[in-house]
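Letter by letter, the chains look like this.
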Amino acid sequence: MRPVSPIRPLIVSADRAQIEVLDQTRLPHEHHVLTLNSRDAVADAIRNMVVRGAPLIGAAAAWGLAFALRDAASDQHLEHSISYLNATRPTAVNLSWALARMHKRLQPLPPSQRLEVAQQEALMICEEDEAQNYAIGQHGLAILKTLYEEKKRPLRILTHCNAGALATVGWGTALAPLYLAQSSGLPIEVWVDETRPRNQGALTSWELHRAGVKHTYVADNAGGHLMQHGLVDCVIVGADRVSAQGDVCNKIGTYLKALAAKEGGIPFYAAVPSPTIDWTIQDALKEIPIEERNTDEVTWVQGLNQDGDLTSVRVTPIGVMSGNPAFDVTPAHLVSGILTEHGVYQASSKGLKPLREKCR
Ligand code: MRU
């Protein structure tokens, strides 16, 4: 029996008419649950990053479509709702993957049957995600155990962004092996990148703190220095889209960590459930759409003021030009392995071929 994930950011109501989600724009300072029961509310939650992280975005969108079909189940409403939800964020392929899976299941059905089947399919997407992430955790734990045999001391692992339970339906991807290492008594210490501009590192710190995992929160720019000084044994990150050649698209700043890891001979893994692999992508740098988000995310920063109130403060002069690409691409030659629910695969088209067969 698979243990229950330490955190579940999306809970489906018993009547499947609504989902309760943790508002990740207020974490880690405020634990606020939002009830979503319409397509538009789900779309807003994805756009505004109330729910975020590739697998969770896909799962939430599936429920958004189910809610849309409660209002109207015509072909036209089905198609329109899929493009409406698909347009919320461009980079995480799990969004279009989940909606394409729902469409394939629903389109052939008479409208009268679509709502119930949509709810069943959305539930399956959620259950599969949690199971896939737990399996990623087990394969990742095996890697950490081998590394521990080599180092014979607490392992120091660096992670970027939040690829934890919060970013999925359960267990997380990059954090799943860390949860299992902790519960199996394998000593680990984690370097947590702050991950500007939205500080997803604070979400990772919140998760690891709850799980009692020893960790240190660092500025994004500290990673290279830590690696140069032999303070990092392994880097594990998540991904929003992996190409058929093993190129990894993840939160902005991941590429720089991969470069430093390569320079230092430090293993760099991307942990992804197989829906995050986009087999249609041949040239990741040209073909993967990189989201450009509102530059206020860069020029302002959110946190608690002295009175303990959640607030935002401006960090730049007024009127400064600013840019905010939200993701980057780490080429396959910098990736030591793609860690999936089926095991670890070499980051190359030849290396991923057996996985592709499994995913057909
Ligand atoms: O902008 P976000 O917070 O949705 O970006 C999330 C990431 O980049 C994660 O690393 C990725 O989605 C994997 S989540 C398991």
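Note that the structure is a prediction, hence the values are computed from the model and not measured.

Remarks on the overall build of the protein chain
- Within the protein chain, the secondary structure is distributed over 12 helices and 16 strands.
- In terms of C-alpha radius of gyration, the protein chain reaches 20 Å, essentially the compact-globule figure of 21 Å for 360 residues.
- With respect to the principal axes defined by its C-alpha atoms, the protein chain has extents near 60 × 55 × 40 Å.
- Taking contacts inside the protein chain between residues at least 6 apart in sequence as the whole, the part at least 24 apart equals 74%.
- Per element, the accessible surface of the protein chain, about 15,200 Å² overall, is 53% carbon and sulfur.

Some remarks on the nonpolar core
- Residues Leu-10, Ile-19, Val-42, Trp-63, Leu-65, Met-102 and Leu-106 are the most contacted members of the largest nonpolar core, which totals 40 residues.
- Counting only elements with at least two residues in this core, the list comes to strand 2 (19-22), helix 1 (39-47), helix 2 (54-71), helix 3 (75-86), helix 4 (93-106) and helix 5 (111-151).
- Here this core gets 12 residues from one element, more than from any other, and that element is helix 2.
- In this view, Ile-19 contacts Leu-10, Ile-11, Val-12, Leu-34, Thr-35, Leu-36, Val-42, Trp-63 and Phe-67; residues no more than four positions away in its chain are not counted.
- Ile-143, Leu-175, Val-192 and Ile-236 belong to the second largest nonpolar core, which has 35 residues in total.

Let's talk about the site of the ligand
- In the vicinity of the ligand lie 18 residues, with Arg-52, Arg-89, Asp-240, Asn-250 and Lys-251 positioned nearest.
- Gln-200 places a side-chain nitrogen or oxygen 2.8 Å from an oxygen atom of the ligand.
- For the ligand, whose free accessible area comes to 410 Å², the fraction covered by protein is 100%.
- In terms of residue class, the shell around the ligand is made up of eight nonpolar, six polar and four charged.

Re the side chain of Arg-114
- Summarising the element assignment, Arg-114 is placed in helix 5.
- Residue classification places Arg-114 among the buried positions, given a relative accessible area of 1%.
- Within the local environment of Arg-114, its side chain forms a polar contact with the backbone oxygen of Leu-109, the two atoms lying 3.1 Å apart.
- Dropping the residues within four chain positions of it, Arg-114 is found in contact with Leu-69, Ala-73, Ser-74, Asp-75, Leu-78, Leu-106, Gln-107 and Leu-109.

As for the pattern of salt bridges
- Counted according to the given criterion, the structure contains 22 salt bridges.
- For Asp-233, the salt bridge is made with Arg-153, and the minimal N-O distance between the two is 2.8 Å. Pair noted here: Asp-233 is in the loop between helix 8 (223-228) and strand 7 (234-237) and Arg-153 is in the loop between helix 5 and strand 4 (155-159), with a separation of 80 residues, a long-range link.
- On the basis of relative accessibility, which here comes to 5%, the residue Asp-233 falls in the buried class.
- A salt bridge links Glu-357 to Arg-360, with the shortest nitrogen-to-oxygen separation between them at 3.5 Å.
- Take Arg-360: its relative accessible area is 70%, and that puts it in the exposed class.
- Via salt bridges that share partners, Arg-89, Arg-198, Glu-291, Arg-293 and Glu-297 belong to a single interconnected network.

A few points about the pairing of strand 6 (residues 215-218)
- As paired strands, strand 5 (residues 188-193) and strand 6 are joined by four bridges and run parallel to one another. Among the inter-strand pairings, Trp-191 is bridged to a residue of strand 6, identified as Thr-216.
- Taking the sense of rotation as the criterion, the β-α-β connection linking strand 5, helix 7 (residues 200-210) and strand 6 turns out right-handed.

A word on the packing of helix 3 against helix 4
- Look at helix 3 against helix 4: their axes get within 10 Å of each other, and the N-to-C directions meet at 170 degrees. The angle between helix 3 and helix 4 places the two elements in the roughly antiparallel class. Residues Leu-78, Glu-79, Ile-82, Leu-85 and Asn-86 of helix 3 pack against Leu-95, Ser-96, Leu-99, His-103 and Leu-106 of helix 4.
- Considered class by class, the residues forming the contact of helix 3 with helix 4 number six nonpolar, three polar and one charged.

Comments concerning unusual backbone geometry
- Note that the residue after Leu-27, namely Pro-28, is joined by a cis bond; omega there is 0 degrees.
- Within the fold, Pro-28 resides in the loop between strand 2 and strand 3 (33-36).
- In this chain, Arg-196 is followed by Pro-197 through a cis amide linkage whose omega measures 0 degrees.
- Within the secondary structure layout, Pro-197 lies in the loop between strand 5 and helix 7.
- For Asn-199, which is not glycine, the phi dihedral falls at a positive 55 degrees.
- Within the secondary structure layout, Asn-199 lies in the loop between strand 5 and helix 7.

Here we look at the pairing of strand 12 (residues 300-304)
- Pairing of strand 12 with strand 13 (residues 310-314) involves five bridges; the strand directions are antiparallel. When the bridges of strand 13 are listed, Gln-302 appears paired with Ser-312.
- The antiparallel hairpin formed by strand 12 and strand 13 contains five residues in its connecting segment, where Gly-308 sits at a positive phi of about 80 degrees.

About the criteria used
Residues numbered from 1 in each chain as written. Predicted model: local features only at pLDDT ≥ 70, side-chain atom pairs only at ≥ 80, totals over all residues. Heavy atoms only, no water. Helix = DSSP H or I, 4+ residues; strand = E, 2+ residues; numbered from the N terminus. Rg over C-alpha atoms; globule rule 2.2 N^0.38 Å. Contact = heavy atoms within 4.5 Å. Areas by Shrake-Rupley, 256 points an atom, 1.4 Å probe, with all protein chains shown as cover. Core = buried A, V, L, I, M, F, W, Y, C linked by side-chain atoms within 4.5 Å. Buried < 20%, exposed > 50% of the residue type's maximum accessible area, 1.4 Å probe, protein only. Near = heavy atom within 4 Å. Polar contact = N/O pair within 3.5 Å; in protein donor to acceptor, adjacent residues only side chain to side chain. Nonpolar A, V, L, I, M, F, W, Y, C, P; charged D, E, K, R; others polar. Salt bridge = Lys/Arg side-chain N within 4 Å of Asp/Glu carboxyl O. Pairing = 2+ DSSP bridges. Right-handed = clockwise from strand over helix to strand, strands pointing away. Axes fitted to C-alpha atoms, helices over the stretch in contact; angles between N-to-C directions. Parallel < 35°, antiparallel > 145°, perpendicular 65-115°, else oblique.

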